[in-house]
Amino acid sequence: IVLVVAVLTHTASAAVREYHWEVEYKYWSPDCKEGAVMTVNGEFPGPTIKAFAGDTIVVNLTNKLTTEGLVIHWHGIRQFGSPWADGAAGVTQCAINPGETFTYNFTVEKPGTHFYHGHYGMQRSAGLYGSLIVDVAKGKSERLRYDGEFNLLLSDWWHEAIPSQELGLSSKPMRWIGEAQSILINGRGQFNCSLAAQFSNNTSLPMCTFKEGDQCAPQILHVEPNKTYRIRLSSTTALASLNLAVQGHKLVVVEADGNYITPFTTDDIDIYSGESYSVLLTTDQDPSHNYYISVGVRGRKPNTTQALTILNYVTAPASKLPSSPPPVTPRWDDFERSKNFSKKIFSAMGSPSPPKKYRKRLILLNTQNLIDGYTKWAINNVSLVTPATPYLGSVKYNLKLGFNRKSPPRSYRMDYDIMNPPPFPNTTTGNGIYVFPFNVTVDVIIQNANVLKGIVSEIHPWHLHGHDFWVLGYGDGKFKPGIDEKTYNLKNPPLRNTAILYPYGWTAIRFVTDNPGVWFFHCHIEPHLHMGMGVVFAEGLNRIGKVPDEALGCGLTKQFLMNRNRN
């Protein structure tokens with residue numbers, strides 16, 4: 001159900017776009033195998049929101065789950081003036097209880113490719129996600145030139161139910177979720193069959209066949225010859241880092257995380273969980289043929305078949321399969337190739353430049369640890385557990401018992417050996433936050449390290465709510481204060497909301513605390529956040545505006561609001 005009402009706001013063309021959504025489980029077959037999927041209004045993925053910059057989005061969200069709370073995070077939307085609508089359970093709001101309705105109300109201030117997803121427990125893994133596309137404001141000109149566009153939302157899919165996965169991660173010993181059974185393109189994948197079986201060395205994979213209405217049948221991209229198309233890409237994967245290629249075609253990368261970048265041409269594109277891109281593709285190949293679009297796993301030893309769909313030139317039959325094998329996904333552990341791709345991304349001319357100096361700095365060590373034999377992830381030896389009272393309520397109403405008011409460590413012991421398992425693996429839980437003054441420049445150095453066992457360091461995509469940040473640089477080994485700052489790119493660093501932390505390396509970001517509120521900063525890999533890999537930033541606390549009571553009706557704020565309203 002969609003209601004769009006035109007109103008006069010910042011410009012004569014800005015609109016209020018109001019939606020009524022119900023979230024519930026349905027039986028679905030995303031990869032041709034039936035299971036329980038979290039749907040929005042009976043759709044998987046959820047409905048795509050399309051808006052113009054300056055529009056107001058209103059989503060009346062009803063929780064029709066029988067036993068679970070619910071929130072939705074609007075990934076990439078900064079939420080200026082509406083921190084309570086960010087959709088992070090325990091941080092900016094209470095979970096919406098079964099049977100209840102909560103209204104999100106926020107403005108999308110600039111164009112970009114974004115998405116939304118569940119942010120309570122591991123509900124993103126259960127299928128609670130969809131696209132959020134913001135076009136340039138009406139009356140403004142899009143700087144990119146293209147003839148049509150497609151939207152590809154990429155995800156990974158397990159056959160094991162999400163509550164079972166959560167139980168395994170919280171067990172002693174931990175039961176890891178393993179690699180995904182399938183990669184999905186717009187919610188569709190193929191398990192135990194292939195669209196390219198005739199080229200496969202794995203003779204156990206038969207050719208996929210579909211009948212009318214199959215939920216796992218690929219969405220084919222129909223194109224005309226000699227045109228340019230914008231392909232919007234977003235990754236809402238729970239675990240997998242991905243690589244996308246279009247057979248025989250070059251890709252020109254033009255947008256990253258809702259920000260224009262200096263265009264560059266590539267044969268394929270790496271995309272990590274939490275990232276979004278736009279690429280331009282020109283249909284300049286033989287129009288009598290069709291071409292594979294392939295999506296494969298990178299960054300982890302792949303045990304998941306490539307996802308495939310077809311780029312169909314309308315001058316060829318849509319049922320005609322390509323005549324040569326799909327693109328081969330680059331080797332999973334070629335991290336130098338991955339880093340080189342990240343280092344090609346620069347902001348577009350005219351983009352805001354970062355402040356030249358920082359005022360506050362955090363150096364965050366990312367480690368795998370133990371608590372009483374339970375496996376956890378920790379930052380500066382603290383594994384995050386969000387409190388029962390959302391941080392936003394505690395700071396807005398000065399509820400001192402809502403969380404530990406002592407700041408977590410701002411750095412770590414510099415003699416820590418990041419190249420080997422921790423000699424003292426035990427850590428502790430905590431719920432303290434980092435509090436910053438309003439409108440100061442903050443640098444965050446994320447430092448990777450070895451895991452608990454073996455000689456292994458994993459990739460972690462780190463996502464910041466409420467902000468874009470400048471990615472100043474990447475480095476190998478341990479960050480060296482006073483030395484590595486000299487390698488920063490202060491001329492044209494890209495503005496992003498998700499940054500990649502590579503194995504045994506560091507990543508430096510810079511942002512300005514210009515958005516009063518409380519904001520999550522965490523690894524976007526779903527099981528890693530579930531196991532404590534995150535921190536919370538707070539800023540401009542005396543500038544936080546009105547927060548709807550409905551956002552904070554739990555924990556200590558519930559009693560506070562009852563007492564206030566009674567008086």
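Residues numbered from 1 in each chain as written. Predicted model: local features only at pLDDT ≥ 70, side-chain atom pairs only at ≥ 80, totals over all residues. Heavy atoms only, no water.

## Here's the deal with the state of the cysteines
Under the definition given, this model contains three disulfides. A disulfide bridge connects Cys-32 with Cys-216, and the sulfur atoms are separated by 2.0 Å. Of note, the bridge from Cys-32 to Cys-216 carries an S-S torsion of about 95° and is right-handed in sense. Taken together, the positions of Cys-32 in the loop between β2 (15–28) and β3 (35–40) and Cys-216 in the loop between β11 (182–185) and β12 (221–223) put the pair 184 residues apart, joining distant regions of the chain. (Disulfide = S-S within 2.5 Å. Helix = DSSP H or I, 4+ residues; strand = E, 2+ residues; numbered from the N terminus.)

## Quick look at the domain arrangement of the protein
Here the protein is partitioned into domain 1 (16–135), domain 2 (148–347) and domain 3 (360–561). If you average the C-alpha positions of domain 1 and of domain 3, the two centres end up 24 Å apart. On the domain 3 side, the residues contacting the 27 residues of domain 1 number 37 residues. In total, about 2,300 Å² of surface goes out of reach between domain 1 and domain 3, with carbon and sulfur atoms giving 60% of it. Summed over the three residues of domain 1 that lose the most area to domain 3, namely Arg-78, Val-91 and Cys-94, the buried surface amounts to 27% of that side. (Domains from an automatic or database assignment. Contact = heavy atoms within 4.5 Å. Buried area = accessible area lost by both parts, 1.4 Å probe.)

## Let's talk about the pairing of strand β5 (residues 56–63)
For β5, a buried count of eight out of eight residues is recorded, marking the element as mostly surrounded by other parts of the structure. Both β2 and β5 contribute to a ladder of eight bridges, which runs parallel. Paired with Tyr-19 across the strands is Val-59, a residue of β5. Judged from the seven bridges that link them, β5 and strand β7 (residues 101–107) form a sheet pairing that is antiparallel. Residue pairing in the sheet places Leu-61 in a bridge with Phe-102 of β7. (Buried < 20%, exposed > 50% of the residue type's maximum accessible area, 1.4 Å probe, protein only. Pairing = 2+ DSSP bridges.)

## A short note on the UniProt feature "domain: Plastocyanin-like" (unreviewed entry) in the protein
Those residues carrying the UniProt feature "domain: Plastocyanin-like" (unreviewed entry) are residues 23–135, 150–314 and 429–539 in this numbering. This span, residues 23–135, is 0% helix and 43% strand, and a straight line between its end C-alpha atoms measures 26 Å. In residues 429–539, helix accounts for 5% and strand for 47%; the two terminal C-alpha atoms are 23 Å from one another. (UniProt positions renumbered as here; feature names shortened; annotations may be inferred.)

## Here's the deal with the environment of Glu-43
Counting through the fold element by element, Glu-43 comes out in the loop between β3 and β4 (49–52). Expressed as a C-alpha distance, the spacing of Glu-43 and Pro-421, which sit 378 residues apart in the sequence, is 44 Å.

## Brief notes about the pattern of salt bridges
Within this structure, the stated rule accounts for 28 salt bridges. One salt bridge connects Asp-267 with Lys-250, and the closest N-O pair in it is separated by 2.6 Å. Pair noted here: Asp-267 is in the loop between β16 (259–266) and β17 (268–271) and Lys-250 is in the loop between β14 (241–246) and β15 (251–256), with a separation of 17 residues, a long-range link. A salt bridge links Arg-564 to Asp-549, with the shortest nitrogen-to-oxygen separation between them at 2.9 Å. Separated by 15 residues along the polypeptide, Arg-564 in helix α5 (residues 555–566) and Asp-549 in the loop between β33 (534–539) and α5 bring together distant segments of the chain. Taken together, the salt bridges that share partners define one network made up of Lys-50, Asp-135, Glu-149 and Arg-232. (Salt bridge = Lys/Arg side-chain N within 4 Å of Asp/Glu carboxyl O.)

## A look at the packing of aromatic side chains
If you walk through the whole model with that rule in mind, you get 26 aromatic pairs. Ring geometry for Phe-102 against Tyr-104: centres 4.9 Å apart, planes inclined by 80°, an arrangement best described as edge-to-face. A residue is classified by how much of its surface remains accessible, and Phe-102, at 5% relative accessible area, is buried. Residue Tyr-104 is classed as buried on the basis of its relative accessible area of 0%. Relative to Tyr-502, the ring of Tyr-272 lies with its centre 6.3 Å away and its plane at 85°, an arrangement referred to as edge-to-face. Taken together, the residues Tyr-272 in the loop between β17 and β18 (276–282) and Tyr-502 in the loop between β30 (498–501) and β31 (505–512) connect sequence positions 230 residues apart. The buried category is assigned to Tyr-272, whose relative accessible area is 3%. Taken together through their ring pairs, the aromatic side chains of Tyr-19, Trp-21, Trp-74, Trp-84, Phe-102, Tyr-104, Phe-106 and Tyr-116 make up a single cluster. The ring of Tyr-260 is capped by Arg-143, whose NZ or CZ atom sits 4.1 Å from the centre of that ring. (Phe/Tyr/Trp six-rings, centres within 6.5 Å; stacked < 30°, edge-to-face > 60°. Lys NZ or Arg CZ within 6 Å of the ring centre and 35° of its normal.)

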